[in-house]
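Understanding the architecture of this molecule
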Amino acid sequence: MNQPAAIRYDQPAYSAAAQQLLAREPRLFINGEWTDSSHGKRIAVEDPSTGRVIAQVVDASDADIDRAVAAARSAFDDGRWSTLPPMQRERIMIRLADLLETHGDELAELEAIDNGKPKSMAMAVDIPAAISEIRYMAGWAGKLGGETPAPYTLPHGAMFGYTLREPVGVCAQIVPWNFPLLMACQKIAPALAAGCTLVLKPAEQTSLSALRLADLVAEAGFPAGVINLVTGMGETAGNRLVCHGDVDKVAFTGSTDVGKMITRNAADTMKRITLELGGKSPVIVMPDVDVKQAARGAASAIFFNSGQVCVAGSRLYAHRSIFDSVLEGVAAATPNWAPRPALDPAAQMGPLVSAEQLDRVMGFIAAGKRDGASVVTGGDSPTDQGYYCNPTILADVNPQMSVVREEIFGPVVVAQRFDDLDEVAKAANDTCYGLGAGVWTRDMATMHKLVGKIKAGTVWGNCHAVIDAALPFGGYKQSGIGREQGRQGIEPYLETKTVFLKL
């Protein structure tokens, strides 16, 4: 796809605040202090908009992980967090949210230069959502309690039974690279509200905003050891956390393959786990829609965040009667999604996160072409400077193709026709995933019928990828275990204790 001549791929200069963070000595945040690693291994930090190395972070050793877990263990066991009055825990969490808001512009810039997403998008989506996760969950700190059910098999008045809800303990929070700060806050907020302590490990590709978050944790006044931050590789630092005997719970967002590994490794110690994994979400467009509006929505569903979204609308199903018009509408929207450097004020879509991810996406496109898919638009990279992929539409696909079956995690949508509800519901469910789905129709009867037929954790009607801290989020089938957000999001961080008292 030919790019407009006005697009330049020169990343604008970083702010002084960003430069200051990038220049810091790589360290870990353990027991309330910035501390050196036990060895000198580092991970290079790249700016995806340029492909250049801009900083380094610690590649944590086993000894580093052990220190972080020990700090969290001590902080949990002595009750310095869990025994605080809930009102006090809530206030400290709210203070952290306020600090995130104060430093929102700086954090959005860090997300942009670390992940590649446009700063404007991070400022509009990532930062407010991260703040809302903490504020919402902070409110639960004072609303958690047990029940007093009357015994069923015992004489009235003979026994008094009740339940207690207690924090599960030390939590390992392992977050992905597509929404670094948002996912970090989505993980730590329910753990903190429940009274747990934690070790946070950001993705090795995108650790910058988590490092800044640790500064704000210290400023907010959390007791030492409650929140610990370690940077490092998933297969080493992440695996050490998952297998550690003093970790009681693991929360992970990432690929399904890694989620399966975590499930196996956590089984030895029967750790509690919540997993938010992959997706191959369908977007279904019925013939009664405003085609232009639905096409714009379908384009946004796949091209937002360069398609690096677990619920990206990567499978487009349009009714045969409007298929060509919908496809034309999505194609017409692609110039607005032409990738630009993350700090370009005009950017709606930035580069992919890494060279590895760009190779993966281009590999899928090449495989689709070999299998017989036709490229409606895109399918290429506009420049060799940075990791850019043009928004891509593939047609003439079939359900056996890898581009239809596998999660690409890039700005690539496969378009298919359908004739009736049963047919499209069957096609939508023909996947090992079940994270999200979108339905576009004006007919509420049709909407409700499809909602009932589709096997997915979230179904959006006439919109896509809307999340809210008060509503649970998670997947069916191989898209995960458990839910995040809402009341259901704090439940995995609590154990239930039953008490019987003879009267």
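Everything discussed here concerns the structure shown above.
The sections below set out a description of the structure shown in this document. Nothing here was measured: the structure is a model prediction, and the numbers come from that model. (Residues numbered from 1 in each chain as written. Predicted model: local features only at pLDDT ≥ 70, side-chain atom pairs only at ≥ 80, totals over all residues. Heavy atoms only, no water.)

**Some remarks on unusual backbone geometry**
Let me state the cut-off plainly: Comment: elements are numbered from the N terminus, with helices defined as DSSP H or I runs of at least four residues and strands as E runs of at least two. Burial classes: relative accessible area under 20% of the type maximum marks a residue as buried, over 50% as exposed, and values in between as partly exposed (1.4 Å probe, protein chains only).
Despite not being glycine, F409 shows a phi value in the positive range, around 60°. The phi dihedral of N462 is positive, around 60°, even though this residue is not glycine. Mapping N462 onto the fold places it in the loop between β17 (458-461) and β18 (480-481). Judged by relative accessible area, which is 34%, N462 ranks as partly exposed.

**Here we look at the packing of helix α3 (residues 86-102) against helix α6 (residues 180-194)**
The condition is simple: Between the N-to-C directions of two axes lies an angle of 0 to 180 degrees, each axis being a line fitted to C-alpha atoms and, for a helix, fitted only over the stretch in contact. Reported orientations rely on four angle classes, namely roughly parallel under 35 degrees, roughly antiparallel over 145, roughly perpendicular from 65 to 115, and oblique for the rest. Helix crossings fall into two classes, left-handed where the near helix is turned counterclockwise from the far one by less than a right angle and right-handed where it is turned clockwise. Any two residues having at least one pair of non-hydrogen atoms within 4.5 Å are treated as being in contact. Here the term charged refers only to Asp, Glu, Lys and Arg, the term nonpolar to Ala, Val, Leu, Ile, Met, Phe, Trp, Tyr, Cys and Pro, and the term polar to all other amino acids, Gly among them.
Their axes nearest at 10 Å, the elements α3 and α6 cross at an angle of 165°. Accordingly, the angle class assigned to the pair α3 and α6 is roughly antiparallel. The way α3 lies across α6 gives a crossing that is right-handed. Contact with α3, carried on its side by R89, M93, L96 and L100, involves L181, C185, I188, A189, L192, A193 and A194 of α6 and no other residues of that element. Of the residues that constitute the contact of α3 with α6, the class distribution is ten nonpolar, no polar and one charged.

**Some points on the sheet that holds β17**
Worth spelling out the cut-off: Two strands are counted as paired when DSSP detects at least two bridges linking them.
The seven strands lie next to each other as β13-β14-β15-β12-β11-β16-β17, forming an open sheet whose pairing is mixed. The sheet terminates laterally at β13 (374-377) and β17, the two strands that pair on one side only. The average angle at which neighbouring strand axes cross in this sheet is 25°, direction not considered. Here strand β11 (residues 282-285) runs beside strand β12 (residues 315-319); their pairing, made up of four bridges, is parallel. Bridging from a neighbouring strand, I284 pairs with Y317 of β12.

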